[in-house]
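# Secondary and tertiary structure notes
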Amino acid sequence: MHPAWLAVVVIVCCCINVVSLELLLRDHVSTLMLSALQFATIAALEYLTSFRHVLSYVVPISDHATLVTLFAISTVGVNYAFELHVPMPLHIIIRSGALIFNMALSAYILKKEYSTRKKALALVITAGVVLASAASHVQAECAGPSCAAPVLSPAVSSPGSPRPWYQDSLDAGPLFGVLLLLVAQIAGSLLGIHQQTIISRHRSASAELMFPLHAVPAVVLLPYAAPHLQSTVGQITCGAVCSWLPIPISWSALLLLVNVLSQYLCAQAVHQLQKSLSFVNTSVVLTVRRLVSLLISVIFFKSAFTVLHGVATVLVLGGSLIFILPETRNPTTDADGADKTKKD
């Protein structure tokens, strides 16, 4: 599939995933249980469609172990931050720095040197996502408790669940959540770099990466998520039934199905995109996805689209388009905009 269509699939599926996630969190569905279901579903589908058809395995076990560890830290950290009452705007603001993180780690690990133009555009794109998130956060605060559909509200733990140890005295849950998000962001950047390195060494490795990447975290998480199984089943089966479907299914169960399947399709598209685009250009697509997810969330939950949202959209979309376009004036730059020549 052409990279442009893959980018569209990534943006559409991830936007659906974000909206369904917010709706599920409002029903107090455990994020730990949700992560375990996502891992298990993607692992099962990957095994049936790709992994069992691989004739010879080329990726060493050590590389698989590194990828699984980084992936688990990144995904679980991002999802569990909701349990720590980190608001969605702050969640997106921190994650919007992915492009800068990726460029910095690429420069440090891969020894790439980016042009001033690329660095400036990365700041512009990141500023656009932060601006849109800040505008949404201001709207949420101004709306007050009387707002019928609060914008991007923080996740709430299941009723009656015990408070974690780090919230007992200083109510440090949000602070711990922010630190967890930063660690998850670094792990995600390292994961992308390591995946890109493996695929560049072994072009046939892509078919065997996805299954262990999701199967191992699923096996680790399922025992911890098991105590939430009964409450999750009760929450998704006791809701209103969707009468417009040919089969009787509750609204919460439908949201859970949509969330898990959209996560699978998004992961597949991102994985294919990594084979077609450079690591940093893939990061640009994912940053655009975050902006679109935020705007869809603002519109879906009936908040006003302000001037700040418009400015942010121009900054991110315009900056991303210019960023991806090649720098024709300098033949020594690669697809990332990184200088191929090394400085002494």
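For the structure given in this document, a descriptive report is provided here.

Check the secondary structure of the protein chain and you find 12 helices and 2 strands. Reading the protein chain from its N terminus to its C terminus gives the helix and strand order α-α-α-α-α-β-α-α-α-α-α-α-α-β. Across the 344 residues of the protein chain, 48% fall into the buried class. Once local pairs closer than 6 in sequence are excluded, the contacts in the protein chain between residues at least 24 apart make up 82%. Of the roughly 16,700 Å² of accessible surface on the protein chain, 71% is carried by carbon and sulfur atoms.

Below, the discussion takes up empty space enclosed by the protein. Following the criterion strictly, the structure yields 2 cavities of 30 Å³ or more and no others. Approximately 1,000 Å³ is the volume attributed to the largest cavity. Lining the largest cavity we find 41 residues, and of these Ser-74, Arg-95, Gln-263, Arg-289 and Arg-290 sit closest to its centre. When the residues that make up the lining of the largest cavity are grouped by side-chain class, the tally is 19 nonpolar, 19 polar and 3 charged.

Another aspect to go through is the environment of Ile-11. Assignment of secondary structure puts Ile-11 in helix H1 (residues 3-26). Discounting residues that sit within four places of it in the chain, Ile-11 has contacts with Val-288, Arg-289 and Val-292.

Across its 19 residues, helix H2 (residues 31-49) extends 27 Å between first and last C-alpha, which sits within 8% of the 27 Å expected from 1.5 Å per residue. If you check which residues of H2 are buried, you get Thr-31, Leu-32, Met-33, Leu-34, Ser-35, Ala-36, Gln-38, Phe-39, Ile-42, Ala-43 and Glu-46.

Turning to the pattern of salt bridges, a few remarks are in order. Taken as a whole, this structure holds 1 salt bridge when the rule is applied. For the salt bridge of Asp-63 with Arg-201, the shortest nitrogen-to-oxygen distance reads 3.0 Å. With Asp-63 in helix H3 (residues 61-80) and Arg-201 in helix H7 (residues 173-201), the pair connects residues that are 138 residues apart, well separated along the chain.

Look at H1 against helix H10 (residues 251-276): their axes get within 8 Å of each other, and the N-to-C directions meet at 150°. Classified by the interaxial angle, the pair formed by H1 and H10 is roughly antiparallel. Our pair here, H1 against H10, has a crossing hand that is left-handed. In terms of residue class, the contact of H1 with H10 is built from 20 nonpolar, 8 polar and no charged.

Moving on: the state of the cysteines. In the structure shown here, the tally under the stated rule is 1 disulfide. Two residues, Cys-14 and Cys-266, share a disulfide whose sulfurs are 1.9 Å apart. Taken together, the residues span a long stretch of sequence, with Cys-14 in helix H1 and Cys-266 in helix H10 at a distance of 252 residues. For Cys-266, a relative accessible area of 6% corresponds to the buried category.

On to the nonpolar core. Grouped together as the largest cluster of nonpolar side chains are 23 residues, with contacts concentrated most on Leu-99, Met-103, Ile-125, Val-280, Leu-291, Val-316 and Phe-323. When residues of this core are traced back to their parent elements, those giving at least two are H1, helix H5 (98-109), helix H6 (116-143), helix H11 (279-300) and helix H12 (307-324). Setting aside residues up to four positions removed in sequence, Val-316 forms contacts with Ile-125, Gly-128, Val-129, Val-288 and Leu-291. Counting 18 residues, the second largest nonpolar core, distinct from the first, contains Val-59, Ala-187, Leu-213 and Ala-218.

This brings us to a nonpolar patch on the surface. Together, Met-1, Trp-5, Val-8, Val-12, Ile-16 and Val-258 make up a nonpolar patch on the protein surface, roughly 590 Å² of accessible area in all. Mapped onto the elements, Trp-5 comes out in helix H1.

Relative to the helices and strands, Glu-46 resides in helix H2. The contact partners of Glu-46, leaving out residues within four places of it in the chain, are Phe-51, Met-210, Phe-211, Tyr-264 and Gln-268.

Let us now look at the packing of aromatic side chains. Scanning the entire structure with this criterion turns up 2 aromatic pairs. For the cation-ring pair, Lys-111 lies above Tyr-108, with the distance from its terminal atom to the ring centre recorded as 5.4 Å.

The rules behind the values
Residues numbered from 1 in each chain as written. Predicted model: local features only at pLDDT ≥ 70, side-chain atom pairs only at ≥ 80, totals over all residues. Heavy atoms only, no water. Helix = DSSP H or I, 4+ residues; strand = E, 2+ residues; numbered from the N terminus. Buried < 20%, exposed > 50% of the residue type's maximum accessible area, 1.4 Å probe, protein only. Contact = heavy atoms within 4.5 Å. Areas by Shrake-Rupley, 256 points an atom, 1.4 Å probe, with all protein chains shown as cover. 1 Å grid on protein atoms, 1.4 Å probe; cavity = no way out; pocket = protein on both sides within 12 Å on 5 of 7 lines; lining within 4 Å. Points joined across faces, edges and corners; volume = space filled by probe spheres on them. Nonpolar A, V, L, I, M, F, W, Y, C, P; charged D, E, K, R; others polar. Expected span 1.5 Å × (residues − 1). Salt bridge = Lys/Arg side-chain N within 4 Å of Asp/Glu carboxyl O. Axes fitted to C-alpha atoms, helices over the stretch in contact; angles between N-to-C directions. Parallel < 35°, antiparallel > 145°, perpendicular 65-115°, else oblique. Left-handed = near helix turned anticlockwise from the far one by under 90°. Disulfide = S-S within 2.5 Å. Core = buried A, V, L, I, M, F, W, Y, C linked by side-chain atoms within 4.5 Å. Patch = residues over 30% accessible without salt bridge, like charges linked within 9 Å, V, L, I, M, F, W, Y side chains within 5 Å. Phe/Tyr/Trp six-rings, centres within 6.5 Å; stacked < 30°, edge-to-face > 60°. Lys NZ or Arg CZ within 6 Å of the ring centre and 35° of its normal.

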